[in-house]
Amino acid sequence: MRWNVTNLQAFLRSKGMAYCYAVFIAGYFLLPMVSGHRRLYYILVLPPVLLLWRELIALYRGNTLFYLLLAFIGYMISSLFWSEGFNQAEALWSIWCSFAVLTFCAVTGYLWIEHSQTMDQFLRQSLYVAAAAGLVSVFAWYMNNPFPSSRLELLGVMSQTNNAACVYGLFTVFACHYLLTAPTRQAKLTYSIMAIVLLSVVLLTQSRTALAAVSMGILAIAGYRALGVVAIATGLSWALMAANSVLWTDRVATFSFRPGIWQQTINDIQGHWLLGRGSLVNPEVSAYEQIFNHAHNGYLATLRDGGLIGLTLLLIILGLAAFRAARLYRATRERIYLALLLYGMTCIAMDFDRLLVHPNELWLFFWAPIALTMTAYAKPRETSGRIRYAMPAK
């Protein structure tokens, strides 16, 4: 048995883990059911992660950002015990989800630094998968729905429009990154086509959250050169919403009810500012004589559940990650890490709720950028001060 486990660990260390991870990521676009995709992580990715626990501990030993992530997750787990209406089964499920997020961040960073070339190839191939899946979804949806006024609903596990748009927006940012760093005209043409396709998918979903995040991401990558693209995309987005009077009334005139939802979420925190109301509190918000299923802001949700302590830990994580991403840019001119962080931070500022959740789209556009930055800028114990890069310096 020891021989079998030893050989399995050797296989996982030598690209086996990378292949399992790549299948999970491709599942976002290719699998038809959410439950099946979640099982894919728990069956295909999580067990190998546990087998490589020694390698992961060695990699993250002394990593301040990883320790902060542990502190944040640990604190949010502890908030379960002062939640209103504590339920043991729900608490165990929340702990399990938190553990799953931690393992995802750990393995994402590990693969990005230990198998950088393989992961870079997988990422480039994922752009083709995302663009193809987006095109299929466009044709499938608009065969039976008004074009272009109706909001595009994508195929696969990403059935919720905003969530799906944020994933496609993330890959739009990656496509722009490869476009600007491509060495040949043919490669630049290929990535420009993929960027246009992916951005078009985002526009057709009419998700302002995703569009705002894409704008932040490509501005971080391309600077003033992206201003024209952002202006055109914003104009097209408003034109699409204006083409549907119902959508205009529900989503523009009222800003999708966000101001009232956020105000009521803040009101509900009264008396629980320091520690929060606990991670098991009912996330529903009563506003505009309606019940909304969550706070539509990841920062406010963290404040609601974990109080100022939880929010401060989250902001320190994001602040340190942004600082390290800026250091990477100054050292290598590599802007992708800062762009990805800004993308995720923008997404949770305009939508979403709890951040420690089971496998879903939030893992890709929020936790993955933190994990990549966490290991792209690492100081090995044996060579203090040396920076390791996931991509070659340009």
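Being a predicted model, the structure only gives us computed values, none of them experimental.

Enquirer: Now, about unusual backbone geometry: what can you tell me, with residues and values included?
Expert: Residue P148 is bonded to the preceding F147 through a cis peptide linkage, with omega at 0 degrees. With respect to the helices and strands, P148 occurs in the loop between helix 6 (116-142) and helix 7 (161-181). Its identity is not glycine, yet Y288 carries a phi of approximately 55 degrees, on the positive side. Relative to the helices and strands, Y288 resides in the loop between strand 1 (285-287) and strand 2 (290-292). Residue classification places Y288 among the partly exposed positions, given a relative accessible area of 43%.

Enquirer: So what's going on with the packing of aromatic side chains? Which residues, and what values?
Expert: Summed over all chains, the structure comprises 23 aromatic pairs. Through pairs of rings, three or more aromatic residues link up here, namely Y21, F24, Y28, Y41, Y42, W96, F99, F104 and W363.

Enquirer: Break down the pattern of salt bridges for me, with residues and values.
Expert: Scanning all chains against the criterion turns up 6 salt bridges. Between R277 and E84 there is a salt bridge, with its nearest N and O atoms 3.2 Å apart. Placement of the pair is R277 in the loop between helix 12 (258-269) and strand 1 and E84 in the loop between helix 4 (64-78) and helix 5 (88-114), with a sequence separation of 193 residues. Here R258 and D351 are joined by a salt bridge, their closest N and O atoms 3.8 Å apart.

Enquirer: For the layout of surface pockets, give the residues involved together with the corresponding values.
Expert: Of the pockets and cavities examined, the largest pocket occupies roughly 960 Å³. Lining the largest pocket are 41 residues, and of these H294, F352, D353, R354 and V357 lie nearest its centre. Within the residue set of the lining of the largest pocket, elements represented by two or more residues are helix 4, helix 5, helix 7, helix 9 (208-222), helix 12, helix 13 (298-332) and helix 15 (361-376). For the lining of the largest pocket, the element with the highest residue contribution is helix 5, accounting for 5 residues. Among the residues making up the lining of the largest pocket, the classes are represented as 16 nonpolar, 15 polar and 10 charged.

Scoring rules and cut-offs
Residues numbered from 1 in each chain as written. Predicted model: local features only at pLDDT ≥ 70, side-chain atom pairs only at ≥ 80, totals over all residues. Heavy atoms only, no water. Helix = DSSP H or I, 4+ residues; strand = E, 2+ residues; numbered from the N terminus. Buried < 20%, exposed > 50% of the residue type's maximum accessible area, 1.4 Å probe, protein only. Phe/Tyr/Trp six-rings, centres within 6.5 Å; stacked < 30°, edge-to-face > 60°. Salt bridge = Lys/Arg side-chain N within 4 Å of Asp/Glu carboxyl O. 1 Å grid on protein atoms, 1.4 Å probe; cavity = no way out; pocket = protein on both sides within 12 Å on 5 of 7 lines; lining within 4 Å. Points joined across faces, edges and corners; volume = space filled by probe spheres on them. Nonpolar A, V, L, I, M, F, W, Y, C, P; charged D, E, K, R; others polar.

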